Amino acid sequence: MKEKIGKICQRIEKENNIRILFAVENGSRAWRISSEDSNYDVRFVFVRPLNEYLQINKPAEVINIFFDRSLNPCTPENTLVDFSGLDVFKFVKMLSSSNPTTIEWLVSDIVYYGNQNKVFKEFAMKNFSKISLYHRYKSMCRNNYLKYLKSGSDVTYKRYLYAFRGLINAKWAANFRTIPPINFNETLNKSKALLPKSILNKLHDIIKLKLQGKEKDIIQNIVKMDNYVESFLKDDGEAPSEKTHATLNGLNKELRRIILDK
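Residues numbered from 1 in each chain as written. Predicted model: local features only at pLDDT ≥ 70, side-chain atom pairs only at ≥ 80, totals over all residues. Heavy atoms only, no water.

## Structural notes on the overall build of the protein chain
Working step 1: Looking only at helices and strands, the protein chain has 12 helices and 5 strands in total.
Working step 2: Across its three principal axes, the protein chain shows a C-alpha extent of roughly 55 × 50 × 30 Å.
Working step 3: Across the protein chain, the fraction of contacts at a sequence separation of at least 24, relative to all contacts at a separation of at least 6, is 69%.
Working step 4: Working note: accessible area of the protein chain is about 13300 Å², and carbon and sulfur atoms make up 48% of it.
Working step 5: One finds the centroid of the 43 positive side-chain charges in the protein chain at a distance of 4 Å from the centroid of its 29 negative side-chain charges. (Helix = DSSP H or I, 4+ residues; strand = E, 2+ residues; numbered from the N terminus. Contact = heavy atoms within 4.5 Å. Areas by Shrake-Rupley, 256 points an atom, 1.4 Å probe, with all protein chains shown as cover. Lys, Arg positive; Asp, Glu negative; His and termini not counted. Charge placed at Lys NZ, Arg CZ, Asp CG, Glu CD.)

## Quick look at the pattern of salt bridges
Working step 1: Enumeration according to the criterion identifies 16 salt bridges in this entry.
Working step 2: Between Lys190 and Glu186 there is a salt bridge whose closest N-O contact spans 3.0 Å.
Working step 3: By relative accessible area, Lys190 is classed as partly exposed at 49%.
Working step 4: For the salt bridge of Glu254 with Arg257, the shortest nitrogen-to-oxygen distance reads 2.7 Å. Of this pair, Glu254 and Arg257 both sit in helix H12 (residues 249-260), 3 residues apart, which is roughly one turn of the helix.
Working step 5: Residue classification places Glu254 among the buried positions, given a relative accessible area of 9%. (Salt bridge = Lys/Arg side-chain N within 4 Å of Asp/Glu carboxyl O. Buried < 20%, exposed > 50% of the residue type's maximum accessible area, 1.4 Å probe, protein only.)

## Concerning the packing of aromatic side chains
Working step 1: Considering all chains together, one arrives at 10 aromatic pairs under this definition.
Working step 2: Relative to Phe46, the ring of Phe44 lies with its centre 6.1 Å away and its plane at 45°, an arrangement referred to as tilted.
Working step 3: By relative accessible area, which is 0% here, Phe44 ends up buried.
Working step 4: Owing to a relative accessible area of 0%, Phe46 belongs among the buried residues under this scheme.
Working step 5: Positioned above the aromatic ring of Tyr148, the side-chain terminus of Arg159 is 3.6 Å from the ring centre. (Phe/Tyr/Trp six-rings, centres within 6.5 Å; stacked < 30°, edge-to-face > 60°. Lys NZ or Arg CZ within 6 Å of the ring centre and 35° of its normal.)

## Topic: helix H8 (residues 157-176)
Working step 1: In this model H8 runs 27 Å from its N-terminal to its C-terminal C-alpha over 20 residues, within 8% of the 28 Å that 1.5 Å per residue would give.
Working step 2: Directly after H8, the chain includes Arg177, whose backbone phi takes a positive value near 60°. (Expected span 1.5 Å × (residues − 1).)

## Some thoughts on the nonpolar core
Working step 1: Residues Val88, Phe91, Phe164 and Leu195 are the most contacted members of the largest nonpolar core, which totals 61 residues.
Working step 2: The element best represented in this core is H8, accounting for 10 residues.
Working step 3: In this view, Phe164 contacts Phe184, Leu195, Ile199, Leu203, Met225, Tyr228 and Val229; residues no more than four positions away in its chain are not counted. (Core = buried A, V, L, I, M, F, W, Y, C linked by side-chain atoms within 4.5 Å.)

## Looking at the side chain of Lys138
Working step 1: One can find Lys138 in helix H7 (residues 130-150).
Working step 2: For Lys138, a relative accessible area of 1% corresponds to the buried category.
Working step 3: Engagement of the side chain of Lys138 in a polar contact is seen with the backbone oxygen of Phe232, the distance being 3.0 Å.
Working step 4: Setting aside residues up to four positions removed in sequence, Lys138 forms contacts with Gly166, Ala170, Phe232, Leu233, Asp235 and Asp236. (Polar contact = N/O pair within 3.5 Å; in protein donor to acceptor, adjacent residues only side chain to side chain.)

## Section: unusual backbone geometry
Glycine aside, negative phi is the norm for most residues, and most peptide bonds take the trans geometry.
Working step 1: For Asn17, which is not a glycine, the phi torsion comes out positive at approximately 55°.
Working step 2: Topologically, Asn17 is positioned in the loop between helix H1 (2-16) and strand E1 (19-25).
Working step 3: Positive phi, close to 60°, is recorded for Leu71, a residue that is not glycine.
Working step 4: In this fold, Leu71 is placed in the loop between strand E3 (62-67) and strand E4 (81-87).
Working step 5: Assessed through its relative accessible area of 17%, Leu71 is described here as buried.

Okay, structure coming up:
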């Protein structure tokens, strides 16, 4: 599949007149919790020719394209390979504020096309804001929990994993002061001091069910997990307090190099 995704990247480059800097997996496959029918979540950063930035109407900063099992363009409902790309300007702007999405793209160990930018990755590793990561991951937990689990609109094992991934990554950033591992199993195995044993065991059970293809089964709410999320969302006592003041000179210099293709 890597070769096929690489060819689609070349096709996207040609059809959109862009250059893809790198394309990675950032979904359940990267998190090592995918099932046989899991989609491929391909995320990429692209740059346009210089002249396209020098115009009144700003070019699109986001490109979303979906492909079915025959690798033909399709609607989101029939997707096997989901491509989502960010213009390098938007990507670097998000990275400068420690947006976890951009950091995850840089640390993903499944690379389909190109190479992750070393300057961007070094900036992420050395200058990430613990406060920002904590609150953004907590927001991911809150959004998944309120929209799908508490509302009862889409209660599935998958939704519980997504909500708890945000919760655990937030607690990881607050307590360990590092970027959480991209591999969610690794995160769980090293989080024994962060969560009750009963919650960790339940998450391991849910992952096993997901691997069996039961991730989308409609289930009843799991009360003890809901209660734990509710408690977590109400308490910011463990939120980091120190602020990060990183210079953006290195990012700006690298951005200019990329745009000018030096």
